Amino acid sequence: MTKSNKSLIIDHEGPFKGKKLKCIFTEEQIQKRVKELALEISQDLKNAKQPPILIGVLNGSLFFMADLMRAMNIESEMDFIKISSYHHTSSTGTVRLVKDISAQITDRDVLIVEDIVDTGLSINFLRNRMQSNSPHSLSVVTFLYKKEISQLKKEPEYIGFVIPNYYVVGYGLDLDQKYRTLRGIYAIVDEKE
Ligand code: 5GP
């Protein structure tokens, strides 16, 4: 498939074979929203005693984190965490820590940067884990939020876009490691949609 087409058919083997990728947010819409989020976050954290620490959740948040951090008009630091989650049902499951942060976050202002919140299991786990290190403040920004299916105890403080329960790819999000470098967000839909 080419990166410039607006909607394309998935051709590799798997449950989504033959389905269509439909663009739901263009690169321009994404960049505009990321700038808005960056300014809002900068405004909220501008009085922090030390630069806030942005913690990107690997791998999907990579491009969002890079764009967000560069669009902020205050200094910030970065670190990364990697987890893997296995869902038994939409509300229960297990989260495993694959790579921990190296920064000391006690008394610091911490912002977790997530690509997408689906059930909310990952964010609940990450909030609990960060909170146990007594940061000065802790907030979450997610680029996409499947609000209608999430079972979050506490909603993200900053949300790029609320989306329906689609499986989406692009802007860092993958399907079996494919499609991450698409510059828009694409939903996997039936061919007639
Ligand atoms: P949660 O724990 O909120 O159910 O799931 C969060 C993680 O699941 C995300 O960080 C992402 O890795 C993955 N995920 C959830 N929904 C999607 C989706 O629509 N597309 C892709 N590519 N990954 C998703």
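Residues numbered from 1 in each chain as written. Predicted model: local features only at pLDDT ≥ 70, side-chain atom pairs only at ≥ 80, totals over all residues. Heavy atoms only, no water.

The next thing to look at is the sheet that holds strand 7 (residues 137–145). Overall, mixed pairing links the 6 strands, which are arranged 5-4-3-6-7-8 in an open sheet. Looking at strand neighbours, the two that pair on one side only are strand 5 (93–99) and strand 8 (158–162), the edges of this open sheet. Strand-to-strand twist of the sheet, defined as the mean angle between neighbouring strand axes without regard to direction, takes the value 25 degrees. Pairing of strand 7 with strand 8 involves 4 bridges; the strand directions are parallel. From the neighbouring strand, valine 141 faces strand 8, where its bridge partner is tyrosine 158. Contacts between helix 1 (residues 27–45) and the sheet are confined to strand 6 (109–117), strand 7 and strand 8, with strand 8 contributing the most and set at about 160 degrees to the helix. (Pairing = 2+ DSSP bridges. Helix = DSSP H or I, 4+ residues; strand = E, 2+ residues; numbered from the N terminus. Axes fitted to C-alpha atoms, helices over the stretch in contact; angles between N-to-C directions. Contact = heavy atoms within 4.5 Å.)

Turning next to the pattern of salt bridges. Using the criterion set out here, one finds 13 salt bridges in the structure. For the salt bridge of glutamate 27 with arginine 183, the shortest nitrogen-to-oxygen distance reads 3.4 Å. Placement of glutamate 27 in helix 1 and of arginine 183 in the loop between strand 9 (168–169) and strand 10 (185–189) is noted, with a sequence separation of 156 residues between them. Glutamate 27 gets classed as partly exposed once you look at its relative accessible area, which sits at 31%. The exposure class of arginine 183 is exposed, given its relative accessible area of 59%. Here lysine 154 and glutamate 157 are joined by a salt bridge, their closest N and O atoms 2.8 Å apart. A residue is classified by how much of its surface remains accessible, and lysine 154, at 44% relative accessible area, is partly exposed. Given the relative accessible area of 29%, glutamate 157 is considered partly exposed. (Salt bridge = Lys/Arg side-chain N within 4 Å of Asp/Glu carboxyl O. Buried < 20%, exposed > 50% of the residue type's maximum accessible area, 1.4 Å probe, protein only.)

What follows concerns the site of the ligand. Inspection of the region around the ligand gives 16 residues, with His87, Thr119, Ser122, Val168 and Asp174 positioned closest. In the model, an oxygen atom of the ligand is placed 2.8 Å from a nitrogen or oxygen of the aspartate 118 main chain. Expressed as a share of its isolated accessible area of 510 Å², the protein-covered part of the ligand is 84%. Only strand 6 and helix 3 (121–131) provide two or more residues apiece to the shell around the ligand. (Near = heavy atom within 4 Å. Polar contact = N/O pair within 3.5 Å; in protein donor to acceptor, adjacent residues only side chain to side chain. Areas by Shrake-Rupley, 256 points an atom, 1.4 Å probe, with all protein chains shown as cover.)

For the rest of this paragraph, the subject is the packing of helix 1 against helix 2 (residues 62–71). Viewed as axis vectors pointing N to C, helix 1 and helix 2 meet at an angle of 55 degrees, and their least axial separation amounts to 8 Å. Judged by the angle between their axes, helix 1 and helix 2 are oblique. The two elements helix 1 and helix 2 meet at a crossing, and its hand is right-handed. In contact with Gln31, Val34, Lys35, Leu37, Ala38, Leu39 and Ile41 of helix 1, helix 2 contributes Phe64, Asp67, Leu68 and Ala71. Of the residues that constitute the contact of helix 1 with helix 2, the class distribution is 8 nonpolar, 1 polar and 2 charged. (Parallel < 35°, antiparallel > 145°, perpendicular 65-115°, else oblique. Left-handed = near helix turned anticlockwise from the far one by under 90°. Nonpolar A, V, L, I, M, F, W, Y, C, P; charged D, E, K, R; others polar.)

Moving on, we get to the nonpolar core. A general trend in soluble globular proteins is that nonpolar side chains are found buried together. Residues Phe64, Leu68, Val141, Phe143, Leu144 and Ile185 are the most contacted members of the largest nonpolar core, which totals 30 residues. Elements that contribute at least two residues to this core include exactly helix 1, helix 2, strand 6, strand 7, strand 8 and strand 10. The element that contributes the greatest number of residues to this core is helix 1, accounting for 6 residues. Setting aside its immediate chain neighbours within four residues, leucine 68 contacts Val34, Leu37, Ala38, Ile41, Leu54, Leu111, Val113 and Val141. (Core = buried A, V, L, I, M, F, W, Y, C linked by side-chain atoms within 4.5 Å.)

In this section: the packing of aromatic side chains. Per the counting criterion, the structure on display carries 5 aromatic pairs. When the ring of phenylalanine 25 is compared with that of phenylalanine 161, the centres are 3.9 Å apart and the planes differ by 15 degrees; the resulting orientation is stacked. You can see phenylalanine 25 sitting in strand 2 (residues 20–25) and its partner phenylalanine 161 sitting in strand 8, a full 136 residues away along the chain. Assigned by exposure class, phenylalanine 25 and phenylalanine 161 land together as buried. Ring centres of phenylalanine 143 and phenylalanine 161 lie 5.7 Å apart, and the angle between their planes is 90 degrees; on these two criteria the pair is classed as edge-to-face. Of this pair, phenylalanine 143 sits in strand 7 while phenylalanine 161 sits in strand 8, and the two are 18 residues apart along the sequence. The class of phenylalanine 143 is buried, set by a relative accessible area of 1%. Cluster of aromatic residues (ring-pair linked, three or more members): Phe25, Phe64, Phe143, Phe161 and Tyr171. (Phe/Tyr/Trp six-rings, centres within 6.5 Å; stacked < 30°, edge-to-face > 60°.)

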